[in-house]
Structure formats: C-alpha cells, structure tokens
Amino acid sequence: MVFLRRRTLLRYLFLSAMLALLLIISSFWLPQGGVGECGSAGQPCLSFYHLSPEPPLLPAERAGPSEAPPLIKECPGQSFQAWRLLQYLKSSLADADDILLEPYLQSWDQLLNFMESLGTMVSLFSQKVKEKVVLIRELSLKHSAEAHGKRGPSDSSGLKKGAYRSVRSMVGAELKAGLVDFTWRTDSGCRTLLRLHRSLLWLKLMLEGLTEGPDAEGRYKTPGELGREAYKVALAPHHPWMLRQAAEVVFLALPDRQYFLQLVCVTNQEEAVPVLHTIIHALMLVHTQTQRILAEHNMLELP
C-alpha cells in the first residue's frame, strides 16, 4: 500500500514538473505560435517535408458549394462550429492563386475554439497560436495607420485592403520593407504565418487520423496517439528535446474519441467520416496554397 501511494505521488510529481516546464518555456512553443471572433463574423518543414510547389489548383478543386454541406450541422451550446470554419476557409481562397488573410485568421479563430474545447492542457498550447493570430492583425493595423499617417482604425480594415489583404501582398510588402530576415528571427507577418501554417498541418493530420478505421484487433487509435503522431511530422522537428517531452503531457490529457465526434456534432464514427473529410479537404486546399506561396519565396525555413 505504501509502495502504491509512493508510486502515485511520484507520477503526480512528474506530471506537475512537466506542466511547470511547459509553462516556463511556453514562450518558445511553436517557434515563432483564437481569439474571439473578429469583425462582424468573427508547418514544420522537415528536411524531407520541403513540399515543392504543387500544380495549380483546378477550378473544380477550388470551387465548392455556396453554403456548408447539409451534413455539417450547427452544434448548439459550443463555441466551435464546423460550418463556420468551412465558410472562412472557402472565403480565404476567393482570390485565385492567393490566400485572403482576414478569412484565414477567422478560420484560426474557429480552430482555436476547437483546440480550447479540448481542455486546459491544450489551452496552454493554443495560447501561443493565439498570440500569432493577434500579431498578424496588429501588424496589419500598424501598417494601415502608417500608410494613412494617423492612428489605425479599431476594426480589421487593414486586412480588407492594403499590404495585409492577402498572403502574397503581405510577402511582397514585408520583403520590400526589409522586415523578413532569412538568418535571424524577426516578428514579421511572414515568419508568423509560417508558424501558423505548420500548426495547420498538425491539426489536419490529426483529423485525418480520426477518419481511419480500427486496426486488425478492432481498436481505434486514441486522439492522444493521433496527436502525437501528427506532432512528430508537423512540429517536433522544430522543437528542442525538452519541449517535445513537455508536449507528451498535452497528448496524455486529450479527451477520448467520442468527445471529438461531439465537437463536429456527430454521434458515431460512421457519421464522423464524411464530416471530417469535408473539413480536411478545405484545410488541405488552404495549406497547399499557403505552402506554394511560401515556397516561391524560400520562406519554408524562416528562423
């Protein structure tokens, strides 16, 4: 009995220590990584993950229904709404061969609602992502204010026009202004976007895992296992050893699969698969386009 109590105490102390470590070094999480709804509505590149720019998206791929598919339902009583996420993702692709930043960041508002619904431990992780969403919005307002020679507006008009209207316009403006450094860290919009881009890949890979069927023994992988596997591909190559260990605490704390299904308003795996595939496809289109633009300017490895 004493031995069991001692072992339980040691396990508790270990998890507490890891949580403390995560808090201490959280400022380094997601090497330079939502916020409530803005406006009226609301990644890692492994050495082998240097995706070459892919062929241009076909019109059929870019096109989509004018409204969210009927299978994506409103989920009463929760902040994350899959239909709203799809709406923003589609809007971000409105310009051919570009990504509009305002709906892109609104997509992150929804994704952050999703992450923060997973519990306190994940909120520690999502806080760094939220800071990056806020930073790009602040850069937009600052540039808008400087361009007009006065104090910037209080809304998101800086993202609706001007240098921060889209990913391409931001990249061009920041390169011209010398804000992007390929050797040293700078708090540029391009560098910040790259970190969000990597995190988007992590979420996409994790959701893909949730669509997979059971193994030979009829067992489904847990969200913790899926999150860990996605992390190893998308983010771990960019994190030091201590940070990778701290991430394990987050994966241990993830809720079960049924909880994830409830977040997209379904009750079982069969219902979840088409819903998740719809979300994953939209994430893929945005990720592919962002990847292409960053690759064109050699920005996939900004420090």
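Structure first, text after, so check above.
Residues numbered from 1 in each chain as written. Predicted model: local features only at pLDDT ≥ 70, side-chain atom pairs only at ≥ 80, totals over all residues. Heavy atoms only, no water.

Novice: Could you give an account of the state of the cysteines, with specific residues and numbers?
Specialist: Taken as a whole and judged by the stated rule, the model has one disulfide. Across the disulfide, Cys75 is cross-linked to Cys265 (sulfur-sulfur distance 2.0 Å). Taken together, the residues span a long stretch of sequence, with Cys75 in the loop between helix H2 (59–62) and helix H3 (82–92) and Cys265 in the loop between helix H10 (257–263) and helix H11 (269–296) at a distance of 190 residues. On the basis of relative accessibility, which here comes to 3%, the residue Cys75 falls in the buried class. (Disulfide = S-S within 2.5 Å. Helix = DSSP H or I, 4+ residues; strand = E, 2+ residues; numbered from the N terminus. Buried < 20%, exposed > 50% of the residue type's maximum accessible area, 1.4 Å probe, protein only.)

Novice: I'd like to hear about the pattern of salt bridges, residue by residue, with values.
Specialist: With the rule as written, the count across this model stands at 12 salt bridges. The closest approach of N and O atoms between Arg137 and Asp109, which form a salt bridge, is 3.0 Å. With Arg137 in helix H5 (residues 120–148) and Asp109 in helix H4 (residues 101–116), this residue pair connects regions lying 28 residues apart in the sequence. Across the pair, Asp109 and Arg137 agree in class, each one buried. (Salt bridge = Lys/Arg side-chain N within 4 Å of Asp/Glu carboxyl O.)

Novice: Describe the side chain of Lys128, and please don't skip the residues or the numbers.
Specialist: Mapping Lys128 onto the fold places it in helix H5. Taking the relative accessible area as the measure of exposure, Lys128 reaches 8% and is therefore buried. Engagement of the side chain of Lys128 in a polar contact is seen with the side chain of Glu131, the distance being 2.6 Å. (Polar contact = N/O pair within 3.5 Å; in protein donor to acceptor, adjacent residues only side chain to side chain.)

Novice: Tell me about the packing of aromatic side chains, and name the residues and values.
Specialist: A complete count under the given rule lists three aromatic pairs for this structure. Relative to Phe251, the ring of Tyr231 lies with its centre 5.5 Å away and its plane at 65°, an arrangement referred to as edge-to-face. Remark: Phe251 occurs in helix H9 (residues 241–252) and Tyr231 occurs in helix H8 (residues 223–234); sequence separation between them is 20 residues. In this structure Tyr231 comes out as buried when scored by relative accessible area, which is 3%. The exposure class of Phe251 is buried, given its relative accessible area of 5%. By way of ring pairs, the aromatic residues Phe80, Phe114 and Phe260 are connected into one cluster. (Phe/Tyr/Trp six-rings, centres within 6.5 Å; stacked < 30°, edge-to-face > 60°.)

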